[in-house]
Protein chains: 4
Amino acid sequence: MNSYIKIIEKPKLRKPVMVVGLPGVGNVGRVAAGYMVAELRMKKMAELYSPHFLHLVVVEEGDTIRLLRCDFYYIKGKKSDIVVLTGDTQSVTTEGHYEFCESVLEYAKKLGVKDIITIGGFSDGKAPQEPRVIGAADSKATKKKYEKHKIDFGKDHPIGTIVGASGMLAGMAERYGMSGLVLMGETMGMPFVMDPKAADRTLHSLIRILGISLDLGKLENTVKELEDRLKKTEEIHKNLLKDVTKSKDDVRYIG
Amino acid sequence: MNSYIKIIEKPKLRKPVMVVGLPGVGNVGRVAAGYMVAELRMKKMAELYSPHFLHLVVVEEGDTIRLLRCDFYYIKGKKSDIVVLTGDTQSVTTEGHYEFCESVLEYAKKLGVKDIITIGGFSDGKAPQEPRVIGAADSKATKKKYEKHKIDFGKDHPIGTIVGASGMLAGMAERYGMSGLVLMGETMGMPFVMDPKAADRTLHSLIRILGISLDLGKLENTVKELEDRLKKTEEIHKNLLKDVTKSKDDVRYIG
Amino acid sequence: MNSYIKIIEKPKLRKPVMVVGLPGVGNVGRVAAGYMVAELRMKKMAELYSPHFLHLVVVEEGDTIRLLRCDFYYIKGKKSDIVVLTGDTQSVTTEGHYEFCESVLEYAKKLGVKDIITIGGFSDGKAPQEPRVIGAADSKATKKKYEKHKIDFGKDHPIGTIVGASGMLAGMAERYGMSGLVLMGETMGMPFVMDPKAADRTLHSLIRILGISLDLGKLENTVKELEDRLKKTEEIHKNLLKDVTKSKDDVRYIG
Amino acid sequence: MNSYIKIIEKPKLRKPVMVVGLPGVGNVGRVAAGYMVAELRMKKMAELYSPHFLHLVVVEEGDTIRLLRCDFYYIKGKKSDIVVLTGDTQSVTTEGHYEFCESVLEYAKKLGVKDIITIGGFSDGKAPQEPRVIGAADSKATKKKYEKHKIDFGKDHPIGTIVGASGMLAGMAERYGMSGLVLMGETMGMPFVMDPKAADRTLHSLIRILGISLDLGKLENTVKELEDRLKKTEEIHKNLLKDVTKSKDDVRYIG
């Protein structure tokens, strides 16, 4: 039962950086990645379908259906080429999460990706006064590489474990010859409310890392436009995530 | 763990249309497909068994047992040949739904099927005054193709997602070189009560699409005869569907 | 993830009949099969281990451990050779039940088995006044074959579905070129209490079918001796079966 | 979906004994194995990653992430070489437990391992007055082999079944040409509180068996140092174990 990647275009990319933003706490990653794709007018290169996604189709515009999926986009840049992975959902089962990550990383390897940066949100249940963006790397070497971009590898945060694809993709990157970084935007206390401000803050960090110019002025407006589309699967994700978290008191971050 | 298709007959079919009616909300699809098979005296061509169906056998006539299964029937027509898939059940697990759909579509491809039409029911929890039949297509091109048959691709309905094989078979059709259409009959408020009138309405739409003649006068009687047989697995499906829906507030349609 | 059959002996058997008695309602099948093995001094020929059995070992005699397993025994007879399958448990998952049955039937086919008879219990929640033994066959032809042995293929019983390996093995037998019969002994109202009398009654039917002589006088004593050993996994099975049945009101038989 | 073993070093070992200590009741096995690795300064030779472990990464030192994993360590000894397997977690699903054990045993076979000793804890819900270390062997021959080391193969203990990898690895050892022993330290009544004293007692038994010298004086201090690291996944294990045990009244030991 393997995920299936439908190739749409095969662009020539020079050691692209791969940015991942999937649904999760505050939808931070999904919103940040979605905004990048829209604002940079990135082109879709592939779609990933998986037997580990929920067994349903989404009805769009009231008349068209499609399976849940994740999409790969690309853009050629001055400093480096960028691939973005974003999408509707994460896997449903434990084993499914591993298979999904392996499928993504195998494809990324074929594209020549050397560095993966995943974006997520975290919350300790309280409204933060000065919300942070915290980084976690797959090795001290990776950490060193990103410290120069002023990423906060803070020690006094409450994150003990990172559940889901954001953490796992970064954690499995090394096996595929890549480095992995997780960028986590602190969100408001309510764990399932969309938080565009946290997306904004992680995008600021990402802009520094990627050396790209990206106008963040339209973010809140874009989020409002996206909200309707996001809402459809939102409820599903909330329930999926609740299932994962309900019995685990100390898991505060889901990416 | 793959589904197993037992071939009974290998008729020569010219680009047949495949109609799918499986258990679901109001049993709309199953009743409609079952009536078509009985009234058109379609011939059985194959049986599908799956490790993703519940681990039980049904006792028939008090003395004979059989595994849960789905059946393929066919009839040669003037305008086009027709294949009908109907059966006892849907898959139990998320992954099982994907495997089932892939098995069905691979077989359909071998038969030369180019168009799949799945039938289901939907309910928004209220008794509708003028119950509708709503279509959802796998692409705007497919939508165009069916609009001429007066299918209502209404925008102001509450269907955000379609859970189960009806939606997925239509949504996955394109990968197998086919078009996919879902026909959903609006049912009464009570989600698990069989609704022959909704089946009747979807069959009216289907008659127009397929260009066949089908006497719908005996539908209610046939349903009464079927009811006893359906009841046996009814309870099981109710529970299966409850499991899928219980934690998902906004999922209103199950096909 | 396939079941693993450890071969202990390869006896030459002439079209043996295979009798299956696994844990279930009233432990009817397990007790009947266990008594046959003990009383006829059948020889063990193979052990089946499965990744679909619970992930635990049983501690025997306080000092030795072993995985959960099922055992195949044989005896050469005048009329026909007999193979008995009995064991600790059934599978945990839906898919596991199918894989287990396929593994058993593939092995049975290699042994030249042509007929499978599975033994189980059923209960409609009340204490029966004249408890019955009811048969269910995988076809009318199989039914005919066993009617001459005075099996009651009664129509007025409450069994709508048979959950688990007993029903499935009989239901899948035809695919492997065998016939399948389920013999169900009616048990007391309390669904999880061991019922040696129901085992006794099904053994009476089995004696007629197999044309063997088997002294049933020691059954109750043997059950008492077995009880301690059975108790260990009993609790586990109760819980497994509860999980399967708790949400299915009309499923009255589990074999 | 197979576990993946990353080889770090390929030492030449002479028929090494393999000691296994994974998370479980009182964390007895994990603490004992962890202390052995630290105190004997054993070298890491391999890491095992599995799709059957929870889908999360652990954040270490606040800035680095890694997947859940188990580690193999080795040391060359006078009497015999020793391999220790310890780690963060056990599998999540029933099937996953079997796959994990098969992966471990296949690797152990390649290393030439002939004897496996797994360490765990057990509790009957009361605080024991004179806590015991009880052995359970995979055969009477294995029992005999260890009796000379004063292992208590007591008959009057409450252990009916052993859930998880400790029992299963020992129970499956024979299939891979090895002997299997489970050493269980009795712990305090509270099932999920770490119990270094039980670890101490099992280590005393292990020292006799392996013929090694190991200073146990620092155990309690080391445990305190380990506690912080253990705490991170502790909560997860508690919940995993609760799931397995909650519906099984008579299962008292989890290894």
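Q: An account of the overall build of chain A is needed here, citing residue identities and associated values.
A: Along chain A, the regular secondary structure elements total 6 helices and 12 strands. Within chain A, buried positions represent 64% of all 255 residues. Within chain A, counting contacts between residues at least 6 apart in sequence, those at least 24 apart form 78% of the total. Summed over all atoms, the accessible surface of chain A reaches about 10,000 Å², with 50% contributed by carbon and sulfur.

Q: Before we move on, could you go through the relation of the copies chain B and chain C and cite the residues and values that matter?
A: Mapping between the two copies of the chain is achieved by a rotation about an axis and a shift along the axis. Mapping chain B onto chain C leaves a residual RMSD of 0.0 Å; the transformation is a rotation of 90° accompanied by 0.0 Å of translation along its axis. Both copies are brought into coincidence by an operation consistent with a four-fold rotation axis. Residues of chain B ranked by C-alpha distance from the rotation axis are headed by Met1 of chain B, positioned 6.5 Å from it.

Q: Got a sec to walk through the interface of chain A and chain B? Specific residues and values, please.
A: Of the residues lining the interface, 27 residues belong to chain A; the matching set on chain B comes to 35 residues. Summing both partners gives a buried area of about 2,700 Å² for chain A against chain B, and 59% of it is carried by carbon and sulfur. Contact with chain B buries surface across chain A, with His55, Asp63 and Ile65 of chain A losing the most and accounting together for 27% of the total. Inspection of the region where chain A meets chain B yields 4 salt bridges. We note a salt bridge from Lys143 of chain B to Asp63 of chain A, for which the minimum N-O separation is 2.7 Å.

Q: I'd like a rundown of the interface of chain B and chain C, residues and numbers included.
A: The partner chain C presents 35 residues to the 27 residues of chain B that form the contact. Looking only at chain B, the three residues that lose the most surface to chain C are His55, Asp63 and Ile65 of chain B, adding up to 27% of its buried area. At the boundary of chain B with chain C, the tally comes to 15 residue pairs in polar contact (both at pLDDT 80 or more). Looking at which element gives the most residues to the side of chain B that touches chain C, the answer is helix α6 (residues 219–245) of chain B, with 5 residues. Tallied by class, residues from the side of chain B that touches chain C come to 14 nonpolar, 7 polar and 6 charged.

Q: Give a detailed account of helix α3 (residues 140–147) of chain A, specifying residues and quantitative values.
A: Residue and element names in this part refer to chain A. Among the residues of α3, those classed as buried are Thr142, Lys143 and Tyr146. Buried residues of α3, viewed axially, fall in a sector of 100°; they line one side. Relative to its buried face, α3 has exposed residues pointing more than 90 degrees away, namely Ala141 and Lys144. The elements touched by buried residues of α3 are β8 (115–122), β9 (133–137), β11 (179–186) and α5 (196–210).

Q: Break down the side chain of Asp195 of chain D for me, with residues and values.
A: The residue Asp195 of chain D is located in the loop between β11 (179–186) and α5 (196–210) in this model. Arg201 of chain D is the oppositely charged side chain nearest to the buried, salt-bridge-free Asp195 of chain D, at an N-O distance of 4.3 Å.

Q: Could you give an account of the side chain of Asp115 of chain C, naming the residues involved and the relevant values?
A: Residue and element names in this part refer to chain C. Among the secondary structure elements, Asp115 is positioned in strand β8 (residues 115–122). According to the relative accessible area criterion, Asp115 is buried, its value standing at 15%. In terms of polar contacts, Asp115 uses its side chain to reach the side chain of Ser179, at 2.7 Å. When near neighbours in sequence (up to four residues on either side) are disregarded, Asp115 contacts Pro16, Val17, Met18, Lys145, Tyr146 and Ser179.

Q: Explain the confidence of the model for chain A to me, and be specific about the residues and the numbers.
A: In the predicted model, chain A carries a mean pLDDT of 87, and 87% of its residues have values of at least 70. Throughout residues 242–255 of chain A the model reports pLDDT below 50, and contacts reaching past four residues in sequence, or to other chains, amount to 38 contacts.

Q: Can you lay out the packing of helix α1 (residues 28–39) of chain C against helix α5 (residues 196–210) of chain C for me, pointing to particular residues and giving the numbers?
A: All names here are of chain C. Contact geometry for α1 and α5: axes closest at 9 Å, N-to-C directions at 55°. By the criterion of interaxial angle, the relationship of α1 to α5 is oblique. Handedness of the α1/α5 crossing: right-handed. Here Val28, Val31, Ala32, Tyr35 and Met36 of α1 come into contact with α5, specifically with Ala198, Ala199, Thr202, Leu203, Leu206 and Leu210. Class assignment of the residues belonging to the contact of α1 with α5 gives a composition of 10 nonpolar, 1 polar and no charged.

Q: Break down the pattern of salt bridges for me, citing the residues and quoting the values.
A: Per the counting criterion, the structure on display carries 72 salt bridges over all chains. The closest approach of N and O atoms between Glu39 of chain B and Lys218 of chain B, which form a salt bridge, is 2.9 Å. Note that Glu39 of chain B is positioned in helix α1 (residues 28–39) and Lys218 of chain B in the loop between α5 (196–210) and α6, a separation of 179 residues in sequence. Residues participating in the shared-partner salt-bridge network are Glu61 and Asp63 of chain A together with Lys140, Lys143 and Glu147 of chain B.

Q: Please provide a residue-by-residue account of the pairing of strand β9 (residues 133–137) of chain C, values included.
A: All names here are of chain C. Within β9, 5 of the 5 residues are buried, which leaves the element mostly enclosed by the surrounding structure. Every second residue of β9 is oriented toward a common face, with Val133, Gly135 and Ala137 on one face and Ile134 and Ala136 on the other, all of them buried. Here 5 bridges tie β9 to strand β11 (residues 179–186), and the two strands are oriented antiparallel to one another. Residue pairing for β11: Val133 is matched across the bridge by Gly185.

Q: Can you explain unusual backbone geometry? Please cite residues and give values.
A: Positive phi is not limited to glycine here, since Arg41 of chain B has a value of about 50°. Tracing the backbone shows Arg41 of chain B in the loop between α1 and β3 (43–49). Phi at Glu61 of chain D is positive, roughly 55°, even though this residue is not glycine. Assignment of secondary structure puts Glu61 of chain D in the loop between β4 (56–60) and β5 (64–67).

Q: Describe the environment of Glu147 of chain A, listing the residues and the values that go with them.
A: Residues and elements named next belong to chain A. Mapped onto the elements of the fold, Glu147 is located in helix α3. A relative accessible area of 40% means that Glu147 is categorised as partly exposed. Sequence separation of Glu147 and His204 is 57 residues, and the distance between their C-alpha atoms is 15 Å.

Q: Describe in detail the pairing of strand β8 (residues 115–122) of chain D, supporting the description with residues and values.
A: Residues and elements named next belong to chain D. Counting buried positions along β8 yields 8 of 8 residues, so the element is predominantly enclosed. Both faces of β8 are covered, namely the face carrying Asp115, Ile117, Ile119 and Gly121 and the face carrying Ile116, Thr118, Gly120 and Phe122. In this sheet, β8 lies alongside strand β2 (residues 17–21) in parallel orientation, the contact comprising 5 bridges. Across the sheet, Gly21 pairs through a bridge with Ile119, a residue of β8. Relative to β11, β8 is paired through 8 bridges, and the arrangement is parallel. Its bridge partner being in β11, Phe122 is matched across the sheet by Glu186.

Q: Explain the packing of helix α2 (residues 94–110) of chain C against helix α4 (residues 165–172) of chain C to me, using residue names and the numbers behind them.
A: The packing of two helices is summarised by the inter-axis angle and the distance between the axes. All names here are of chain C. At their nearest, the axes of α2 and α4 sit 10 Å apart, and the two run at 55° to each other. By the angle class used here, α2 and α4 are oblique. As for the relative orientation of α2 and α4, their crossing is right-handed in sense. Here His97, Tyr98, Phe100, Cys101, Glu102, Val104 and Leu105 of α2 lie close against α4, whose contacting residues are Ala165, Met168, Leu169 and Met172. Taken together, the residues that form the contact of α2 with α4 break down as 9 nonpolar, 1 polar and 1 charged.

Q: Mind laying out the environment of Gly96 of chain A, listing which residues take part and the relevant values?
A: All names here are of chain A. Structurally, Gly96 is set in helix α2 (residues 94–110). Counting along the chain gives 43 residues from Gly96 to Phe53, while the straight-line C-alpha distance between them is 8.2 Å. Look past the residues within four positions of Gly96 in its chain and what remains in contact with it is His52 and Ser91.

Q: Mind laying out the packing of aromatic side chains, listing which residues take part and the relevant values?
A: Residues and elements named next belong to chain D. One pass over the structure, following the stated rule, counts 12 aromatic pairs over all chains. Arranged with centres 5.8 Å apart and planes meeting at 55°, the rings of Phe53 and Phe100 form a pair that is tilted. Of the two residues, Phe53 is situated in the loop between β3 (43–49) and β4 and Phe100 in helix α2 (residues 94–111); the sequence distance between them amounts to 47 residues. When its relative accessible area of 0% is taken as the criterion, Phe53 is described as buried.

Q: Requested: an account of the environment of Val84 of chain C, with residues and values cited.
A: Residue and element names in this part refer to chain C. Counting through the fold element by element, Val84 comes out in strand β7 (residues 82–87). Val84 sits in the buried class, given a relative accessible area of 0%. Measuring from C-alpha to C-alpha, the distance between Val84 and Ala33 comes to 6.8 Å, with 51 residues separating the pair along the chain. In contact with Val84, not counting residues within four places along its chain, are Val19, Ala33, Met36, Val37, Met42, Asp71, Phe72 and Tyr73.

Q: Tell me about α5 of chain A, residues and numbers included.
A: Working note: α-helix, 3.6 residues per turn, so residues spaced by three or four point in the same direction. All names here are of chain A. A rise of 1.5 Å per residue sets the reference length of α5, with its 15 residues, at 21 Å; its end C-alpha atoms lie 20 Å apart and thus fit the reference within 8%. Looking only at α5, the buried set comprises Pro196, Ala198, Ala199, Thr202, Leu203, Ser205, Leu206, Ile207, Ile209 and Leu210. Of the residues flanking the start of α5, the one acting as N-cap is Asp195, its side-chain oxygen 3.1 Å from the backbone nitrogen of Lys197. Trailing α5 by a residue or two, Gly211 shows a phi angle of about 65°, which is positive.

Analysis parameters
Residues numbered from 1 in each chain as written. Chains lettered and ligands numbered in written order. Predicted model: local features only at pLDDT ≥ 70, side-chain atom pairs only at ≥ 80, totals over all residues. Heavy atoms only, no water. Helix = DSSP H or I, 4+ residues; strand = E, 2+ residues; numbered from the N terminus. Buried < 20%, exposed > 50% of the residue type's maximum accessible area, 1.4 Å probe, protein only. Contact = heavy atoms within 4.5 Å. Areas by Shrake-Rupley, 256 points an atom, 1.4 Å probe, with all protein chains shown as cover. Least-squares fit on C-alpha atoms with pLDDT ≥ 70 in both. Buried area = accessible area lost by both parts, 1.4 Å probe. Salt bridge = Lys/Arg side-chain N within 4 Å of Asp/Glu carboxyl O. Polar contact = N/O pair within 3.5 Å; in protein donor to acceptor, adjacent residues only side chain to side chain. Nonpolar A, V, L, I, M, F, W, Y, C, P; charged D, E, K, R; others polar. Arc of directions from axis to C-beta. Lys, Arg positive; Asp, Glu negative; His and termini not counted. pLDDT = per-residue confidence, 0-100. Axes fitted to C-alpha atoms, helices over the stretch in contact; angles between N-to-C directions. Parallel < 35°, antiparallel > 145°, perpendicular 65-115°, else oblique. Left-handed = near helix turned anticlockwise from the far one by under 90°. Pairing = 2+ DSSP bridges. Phe/Tyr/Trp six-rings, centres within 6.5 Å; stacked < 30°, edge-to-face > 60°. Expected span 1.5 Å × (residues − 1).

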